[in-house]
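This is what each chain is made of:
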Amino acid sequence: MTQQSTSDQPATEAAIVAEIETGLTAVQAVEARCKAALLPLLREHGIARVEIHYDGGGDEGSVGDVFAYRDDASAELPAILCDHFALEFNGSVTTRTIDLEDALSAFAENAVCAHHCGWENGEGAHGIIGIDVASGSVTLTHNTRFIDYDTSETEL
């Protein structure tokens, strides 16, 4: 086994940081493209807010229900097509045209995987991706589950 010299360590750390920043920039670019495809369609059909729920645990996870709202009332998502963009492992971006509800679910799953890798493992996690259509803001509210314990030791 060879050991890396300490003079190479800053260069290696800089390369790792650069790779992480490049990946984050790519994720943000794809998320922006998805939002640019989704938001005009939602506005055009009078949808004010969307909530996409997800839940995972035990090495499985799924994006569940997609809820749409007009003001405070529930609304049906229109049965229309929407472009969806996804970042592949090799860094390329794929595009496919799918049903709007499927595009919202895929957007949510990609976002959760990009920002909370492993959300489906162990005790898992659950949350909501909320889309405020008027402002264009998207909020990922993520809840990580974990088992905790408190240990005390007393010498008698």
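Refer to the structure presented above.
Residues numbered from 1 in each chain as written. Predicted model: local features only at pLDDT ≥ 70, side-chain atom pairs only at ≥ 80, totals over all residues. Heavy atoms only, no water.

Asks: For this particular structure, what's the right way to read the pairing of strand E5 (residues 93–99)?
Replies: In the case of a regular strand, side chains alternate between the two sheet surfaces. Pairing of strand E4 (residues 81–87) with E5, which is carried by seven bridges, proceeds in the antiparallel orientation. Its bridge partner being in E5, His84 is matched across the sheet by Arg96. In sequence, E4 turns back onto E5 through a hairpin of five residues, with Gly91 there showing a positive phi of about 95°. (Pairing = 2+ DSSP bridges. Helix = DSSP H or I, 4+ residues; strand = E, 2+ residues; numbered from the N terminus.)

Asks: How do you make sense of the pattern of salt bridges when you look at a structure like this?
Replies: Close approach of charged atoms allows side chains of opposite charge to pair. Summed over all chains, the structure comprises two salt bridges. Between Arg49 and Glu51 there is a salt bridge, with the nearest N and O atoms lying 2.8 Å from each other. Linking Arg145 and Asp55 is a salt bridge whose minimum nitrogen-to-oxygen distance equals 2.7 Å. You can see Arg145 sitting in the segment after strand E7 (137–144) and its partner Asp55 sitting in strand E1 (residues 49–57), a full 90 residues away along the chain. We classify Asp55 as partly exposed; its relative accessible area is 39%. (Salt bridge = Lys/Arg side-chain N within 4 Å of Asp/Glu carboxyl O. Buried < 20%, exposed > 50% of the residue type's maximum accessible area, 1.4 Å probe, protein only.)

Asks: It is not clear to me how the packing of aromatic side chains should be interpreted in this structure. Could you clarify?
Replies: A full pass over the atoms with the stated rule returns one aromatic pair. The ring centre of Tyr69 lies 4.1 Å from the NZ or CZ of Arg49, which sits over that ring. (Phe/Tyr/Trp six-rings, centres within 6.5 Å; stacked < 30°, edge-to-face > 60°. Lys NZ or Arg CZ within 6 Å of the ring centre and 35° of its normal.)

Asks: Explain helix H1 (residues 9–44) here, please?
Replies: Each α-helix winds once per 3.6 residues, and so residues spaced three or four apart point in a common direction. For H1, with 36 residues, the first-to-last C-alpha span of 53 Å sits near the 52 Å given by 1.5 Å per residue. Residues Val27, Val30, Glu31, Cys34, Ala37, Leu38, Leu39, Leu41 and Leu42 constitute the buried set of H1. Those residues of H1 that are buried are in contact with E1, E4, E5, helix H2 (100–115) and strand E6 (125–132). (Expected span 1.5 Å × (residues − 1). Contact = heavy atoms within 4.5 Å.)

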